[in-house]
Every structure is written in structure tokens, then in C-alpha cells.
Amino acid sequence: MQAPVLTPDAASIARAAAILKDGGLVAMPTETVYGLAADAANADAVARLYAAKGRPAFNPLIAHCASPDAAFSQGKFSDLARKLAGAFWPGPLTFVVDAVDATTVCALARAGLDTLALRVPAHPAARALLEAFGGPLVAPSANPSGRISPTRAEHVASDLGDRIDLILDGGPCTEGIESTVIDARGPSPVLLRQGSVLPEDIEKVWPGLYSGGDGDKPTSPGQLLRHYAPKAKLRLNAGRPEPGEAFLGFGPVEATLNLSPSGDLVEAAANLFAMMRTLDRSHTRIAVAPIPPEGLGAAINDRLARAARQD
């Protein structure tokens, strides 16, 4: 049976919260991508989420909380980590921290680790659902594991509509790529995943940021080496398409679809996954124009490199 798609008003938020409390799965909009929500404390619900996505259980999940205080009750945040959270929460920044002994995020959601990933989303529908539910919700992207992330409710319905219980349609995601993830356990923050919170902005609040992480042994979501992948083969940094290729452009170029004709990286990030999906439906090969590496372009290039990887 196909999951109903509802506008997130008071009645549908209450319905979604009830489904989650009963161990069900609900797709919710966030400012980054649509997330597939389950009760973080319910191992059976989390197991159903892994099964719906076809996600490897060694890949931990982000627990979403309604407020910074709710997140601080789940993990151990240093003073500097709290300062950084104060600067960017609610918003697209995820912290990997040590779990407190009394965390309600189950071991399965943490992939058996003593750490957990926490975020306070900014999207009003996500916040309303978290407040109505009254506890942390794990919410990885609402798509089959490793495939293109969903930025519209119709993407979720197409990918997972027959495997979940409800979809809240909050419109297109404004950011369009997943949250920035940092490891906040040490004296300096470690960048585990690029996102729309830029490294230079983190540095202004907590200096000393450096890159790290292991794609074979992920401590947070988004570290798998092949991820965000279409079925079509991607060719990156292409000046022009070859015969038989669709062309995903950037800037003032002729293209099948263009991430941003004006060269705006914010617009490109918001369009990335939706346009990849559109081209993937009708082509087996996609050439992608070069994306400048500065600012948000680093996060876009990270997603493209993982999507293009052949394993």
C-alpha cells in the first residue's frame, strides 16, 4: 500500500507522531533533504528503517532533537561544542559526540558505537514533529541506501512509498544537500562530511578544524565511499558531453539541465539531487560540468565524487 502524502498541519503532525510512537516510519521534510524518521529509542522501529532503506547496519544514524537542550541530554558536549551548537542550531550541522550513559538512542541506531550523531533541524515541520513526538528521531535520507537523496516529497513516494507509513510534504528542501558533520569529541573539531555549513564559518567559532574520517569504518552518516549514486554512470569535470551523454551544466553553458546558469553555488546545491534524479530516469550516462571547489562547491563536489565512484 502506498503511503499517504499529507501537508504538515496540526492534524497530520499529530497523526505522524502517533505512527512513530507505535513503531512506524514517517518521511519528514528538513532544510537539507527529506528524512525517514523512526523512534530513536525503539530498536524494532530502527531495524524496520534499515530494512526499508536497505542500509548496512554498520552505518550509524543521525538522531534529530527538538532543541539544543534535548540534544545535550543525549551526548557529551564540551564548552566549545556547545558554543558551536549555539551558533548553528537549529540548522544543518551534525555533531558526533560520546553518548551519555542514559542516552535513549538505541545501540542499533548508533551501529553499536559509544558515540552518537545529533542534530537540531531548522525546518518548521520537522521541529513540530519532534516536539509532538517528545523524543529523538533518527532520520537518514528517505531513499534506498546509497542512491540519490530526496529533496521533494514525490521523490520519497517514488522510492519508498510502499515501504513506509506516511509522508509529510513540506515542499522542496531549501539547502538540498545533507548536513555538515563534525566530530566534536576532541580539543579541535574534525570535519567528517562537507555540507552547507562551511568550514570557514565553523573556524570562526571553534578554530582548528581539520578533515578526517574513514569510509570503511564510518562513525557518522555520509562517510561511505559510494553514496548518493544514480543508476547512470557519471563523468565529472566534463567540458562538454560525449555522444549519448546527458549534460548536467553549471554556469553559462548549454546543457540538458543546468544546476545554476548564473553560477550560484547555493542554487546549484538546492538543485543537485532533483536534477540528478531527472536525468537518471532517461539516461544511462551523465556528464557533469566542473563545479568551483570553493565554499559550498566543496560539498557539491564531495557528493558528486561519491556518486561517481565505481565499486
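Look above for the structure.
Residues numbered from 1 in each chain as written. Predicted model: local features only at pLDDT ≥ 70, side-chain atom pairs only at ≥ 80, totals over all residues. Heavy atoms only, no water.

Some remarks on the pattern of salt bridges
What counts is decided by this rule: When a carboxyl oxygen of Asp or Glu lies within 4 Å of a side-chain nitrogen of Lys or Arg, that pair is called a salt bridge. Segments assigned H or I by DSSP are reported as helices when at least four residues long, segments assigned E as strands when at least two residues long, and all are numbered from the N terminus.
With the rule as written, the count across this model stands at 11 salt bridges. Its salt-bridge partner being Arg 306, residue Asp 302 comes within 3.0 Å of it at the nearest N-O pair. Of this pair, Asp 302 and Arg 306 both sit in helix H9 (residues 296-308), 4 residues apart, which is roughly one turn of the helix. Each of Glu 178, Asp 302, Arg 303 and Arg 306 takes part in salt bridges that share partners, so that together they form one network.

Structural notes on the packing of aromatic side chains
Basically, it comes down to this: Note on aromatic contacts: the rings of Phe and Tyr and the six-membered ring of Trp form a pair at centre separations within 6.5 Å, being stacked when their planes are under 30 degrees apart, edge-to-face when over 60 apart, and tilted otherwise. Only protein chains enter the accessibility calculation, which uses a 1.4 Å probe; a residue whose area is less than 20% of its type maximum is buried, one above 50% is exposed, and one in between is partly exposed.
Tallied over the entire structure, the rule returns 5 aromatic pairs. Residues Phe 77 and Trp 89 carry aromatic rings whose centres are separated by 5.9 Å and whose planes lie at 65° to one another, so their mutual orientation is edge-to-face. One end of the pair, Phe 77, is in the loop between strand E5 (75-76) and helix H4 (79-88); the other, Trp 89, is in the loop between H4 and strand E6 (93-99), and 12 residues separate them in sequence. Owing to a relative accessible area of 9%, Phe 77 belongs among the buried residues under this scheme. Classification of Trp 89 as buried rests on a relative accessible area of 6%. Relative to Phe 95, the ring of Phe 77 has its centre 5.5 Å away and its plane inclined at 55°; by these criteria the two rings are tilted. Separated by 18 residues along the polypeptide, Phe 77 in the loop between E5 and H4 and Phe 95 in strand E6 bring together distant segments of the chain. Each member of the pair, Phe 77 together with Phe 95, is buried. Taken together, the ring pairs connect Phe 72, Phe 77, Trp 89 and Phe 95 into an aromatic cluster.

Note that every value here comes from positions in space, so none of it alone points to a role or purpose.
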